[in-house]
Amino acid sequence: MTIDAGRAGEFVAAARIEMGGWRAVPATAEAVDLIAILGTRVLRVQVKSTSRVYTRRSYYFSTSRGKKQRRLTIIDCDIVAMVALDIGRCIFRRVEDVPTMTTRIFPAAMSIEAETASFKKSFGDDTDE
C-alpha cells in the first residue's frame, strides 16, 4: 500500500487544529496547505510530514520550498506544522521560529505535551474568541 505522506500529514495537522478549537480548511495557495480560522483570526499553515525516524535517531522535516530551496518565510505562511506520521504527532511553530531549511526534532520532543505546548505558543492560548 502506498501512502501519500503529504496528504496524510495534512489530515493529522487539520485534526490537531480542530481539536485546539480552530477551524481547519484545505487551502489552494502554493505554499499553504491549510487555513486555520478562529473568529476573525486567520492563519496560513504549511504542513511538513515524515513517516519515520531517520539517522541520528531524529525526525527530519524539509522546511524549505521552491526549486532553489529557500527557507520558509512569513511571505509563504504563518505556521509550520511538522507531522510525524508513525506516531501521529504534530509540532507547530511560527514560521519565524523555523530558521533553517531542514528542521530536526528528536522523538522525545514529539510528546503529546510538546504538541499541546507548541499549539498554544503558535496559535495563542486564546481559543475562547
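Visitor: Tell me about the nonpolar core, and please be specific about residues and values.
Guide: By size, the foremost hydrophobic cluster in this structure holds 19 residues, and its most contacted members are Ile17, Trp22, Val45, Phe92 and Phe123. Where this core is concerned, the elements lending two or more residues are helix H1 (5-19), strand E2 (34-38), strand E3 (41-50), strand E7 (79-84), strand E8 (89-94) and helix H2 (112-123). When residues of this core are assigned to their parent elements, the largest contribution, four residues, is made by H1. Phe123 has contacts with Ile17, Trp22, Ala36, Arg41, Leu43, Val45, Ile79 and Phe92, leaving out every residue within four places of it along the chain.

Visitor: I'd like a description of the pairing of strand E4 (residues 59-62), backed by residues and values.
Guide: Burial along E4 is one-sided: the face carrying Tyr59 and Phe61 is buried and the face carrying Tyr60 and Ser62 is not. With four bridges connecting them, E4 and strand E9 (residues 102-105) associate as antiparallel partners. Looking at the pairing, Phe61 lines up with Thr103 of E9.

Conventions adopted
- Residues numbered from 1 in each chain as written.
- Predicted model: local features only at pLDDT ≥ 70, side-chain atom pairs only at ≥ 80, totals over all residues.
- Heavy atoms only, no water.
- Core = buried A, V, L, I, M, F, W, Y, C linked by side-chain atoms within 4.5 Å.
- Buried < 20%, exposed > 50% of the residue type's maximum accessible area, 1.4 Å probe, protein only.
- Helix = DSSP H or I, 4+ residues; strand = E, 2+ residues; numbered from the N terminus.
- Contact = heavy atoms within 4.5 Å.
- Pairing = 2+ DSSP bridges.

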